[in-house]
Amino acid sequence: GDQRGLKSPETYFYRVLDEYANAETKGLRLRTNQRARAAVVDQTCSALPSVETLPESFAFKATHTSGCNLLVVDGIIVGHRPCVLTGMANSRVGDAQSISQWTMWLRESVVADLFPTFAQAVEWAHTERSLMGRVVDDRLLYDACTRWLAQQYARTAESYYSELVPSLLIEKVIEDATELASDLKCFVFSGQTRFIQHVDSRFTADKRDTFYRRVLQDSGVQRWERMSLTLKGSIPSTGPPLSDTVLERARGLCERAGEGLEMARVDLLLSTEGALYLGEMTPYPGGGKHAWQGDLDGQLGRAWCENGGGS
């Protein structure tokens, strides 16, 4: 982030499994040899800092995949986006003694209308159990670390992630005494920010997703306009809209981060004091599975085409 003039939250731990990125033959051996991989994963996870040396609030995440992150506030896990893991050893169907038993249970669950499709049953079975509400300790971090690093990202719909080298990050949580930072998610098309999504109260039942679009006024000036559309199942904020000053600052940072990319969602953290930090970037917003209200999907598609998408 700093290379493009963007601030990132303070980092307490960052480790890349360089062994994957070194010689091609060594990387291939780690991807295919379970014992060699386990040794590298154990060495990496054993190097995690002790919880006693970390602040009471921090974020722990894998950077080579989707999900696989924890948010700890005052020593308690208040946010957990579970991984979708590969291999029966990670399955939530713990009483299955064989692949055939495991598969039979999943197929029966579909017949019993527990899941709409077999594929969704498999994804549920491979998703790690929620850690919400748990007190964080060294063993919990080590176990999460080994689960997250024990696999490459495998969803075919997000195939580019499978090329990323596995890595882990522990960083500062942006907060003040009463409130966590909110998210500003920029939809950037060929270096142009067309929409910004403001996500407020992320870890509460009152979560809000508010979208803004940049429109040309009769005066010839570009201004930000709050939209009435949002994600299905969510609602936009009913409070005062974000100021053009904040949205323009976000736009400038996002366009710097998304320069040279045909499409990316660039996520910023907005502190209650107004500071902006780079959170993450993805070419797959919502894994491509977002359901939108009204014509928002169409507006995003048109913005992509108008800025050279698919050319």
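Details of the structure are given in the entry above.
Each residue is numbered by its place in its chain's sequence as written, counting from 1. Note on the predicted model: pLDDT of at least 70 is required for a residue's local features to be given, and 80 or more for side-chain atom pairs to be given and counted; whole-chain, interface and lining totals, by contrast, use all residues. With hydrogens and water excluded, all non-hydrogen atoms of the structure serve as input to the side-chain values.

### Digging into the sheet that holds strand β3 (residues 69-73)
- In this description, strands pair whenever DSSP reports at least two bridges between them. By definition, any uninterrupted DSSP run of H or I lasting at least four residues is a helix, any uninterrupted run of E lasting at least two residues is a strand, and each is numbered from the N terminus. Within the open sheet, the five strands sit side by side as β1-β5-β2-β3-β4. Their pairing is antiparallel. Strands with a single pairing partner mark the edges of an open sheet, and in this sheet they are β1 (11-16) and β4 (76-81). Strand-to-strand twist in this sheet, taken as the mean axis angle between neighbours without regard to direction, amounts to 15 degrees.
- Pairing between β3 and β4: five bridges, direction antiparallel. The residue of β4 that forms the bridge with Leu 71 is Gly 79.
- Contacts between residues were defined by any pair of non-hydrogen atoms, one from each residue, lying within 4.5 Å. Whenever a helix is involved, its axis is fitted only over the stretch in contact; in every case the axis is a line through C-alpha atoms, and angles between N-to-C directions fall within 0 to 180 degrees. Along the sheet, helix α6 (residues 138-149) makes contact with β2 (58-62), β3, β4 and β5 (167-172), crossing β2 at roughly 25 degrees.

### Observations regarding the nonpolar core
- Put simply, a nonpolar core is a bunch of buried Ala, Val, Leu, Ile, Met, Phe, Trp, Tyr and Cys residues held in one set by side-chain atoms that sit within 4.5 Å of each other. Throughout this description, buried means an accessible area under 20% of the type-specific maximum (1.4 Å probe, protein chains only), exposed means over 50%, and partly exposed covers the range between. Residues Phe 58, Phe 60, Leu 70, Leu 141, Trp 148 and Leu 168 are the most contacted members of the largest nonpolar core, which totals 27 residues.
- Listing elements by their share of this core, those giving two or more residues are α3 (34-46), β2, β3, α6 and β5.
- In terms of residue count, α6 provides more of this core than any other element does, seven residues in total.
- Ignoring sequence-local partners within four residues, the contact set of Leu 168 consists of Phe 13, Tyr 14, Arg 15, Phe 60, Lys 61, Ala 62, Cys 145, Trp 148 and Leu 149.
- Core analysis: the next-biggest nonpolar cluster, separate from the first, contains 19 residues, Trp 224, Leu 247, Ala 257 and Leu 276 among them.

### Topic: the side chain of Gln 197
- The topology assignment puts Gln 197 in strand β7 (residues 192-200).
- Any N or O atom pair separated by 3.5 Å or less is treated as a polar contact, with the protein-specific requirement of one donor-capable and one acceptor-capable atom, and with residues adjacent in sequence counted only for side-chain atom pairs. Reaching out from Gln 197, the side chain makes a polar contact with the side chain of Asp 209 at a distance of 2.9 Å.
- In this structure Gln 197 touches Asp 183, Leu 184, Lys 185, Phe 187, Asp 209, Thr 210, Phe 211 and Leu 231, once residues within four positions along its chain are discounted.

### Section: the state of the cysteines
- When two cysteine sulfur atoms are found within 2.5 Å, that pair is recorded as a disulfide. A complete count under the given rule lists two disulfides for this structure.
- Between the sulfur atoms of Cys 45 and its disulfide mate Cys 145 the distance is 1.9 Å. Of note, the bridge from Cys 45 to Cys 145 carries an S-S torsion of about -85 degrees and is left-handed in sense. Residue Cys 45 is found in helix α3, and its partner Cys 145 is found in helix α6; the two are separated by 100 residues along the sequence. Per residue, the accessibility class of Cys 45 equals that of Cys 145, and both read buried.
- The disulfide bridge from Cys 186 ends at Cys 254, spanning 2.1 Å between sulfur atoms.

### Describing the sheet that holds strand β8 (residues 208-216)
- The six strands are arranged β9-β8-β7-β6-β10-β11 in an open sheet whose pairing can be described as antiparallel. The sheet is open, and its two edges are formed by β9 (222-226) and β11 (276-282), each paired on a single side. Each strand axis lies, on average, 25 degrees off the axis of its neighbour in the sheet, ignoring direction.
- By the bridge criterion, five bridges tie β8 to β9 in an arrangement that is antiparallel. In the strand pairing of β9, Tyr 212 is matched with Arg 226.

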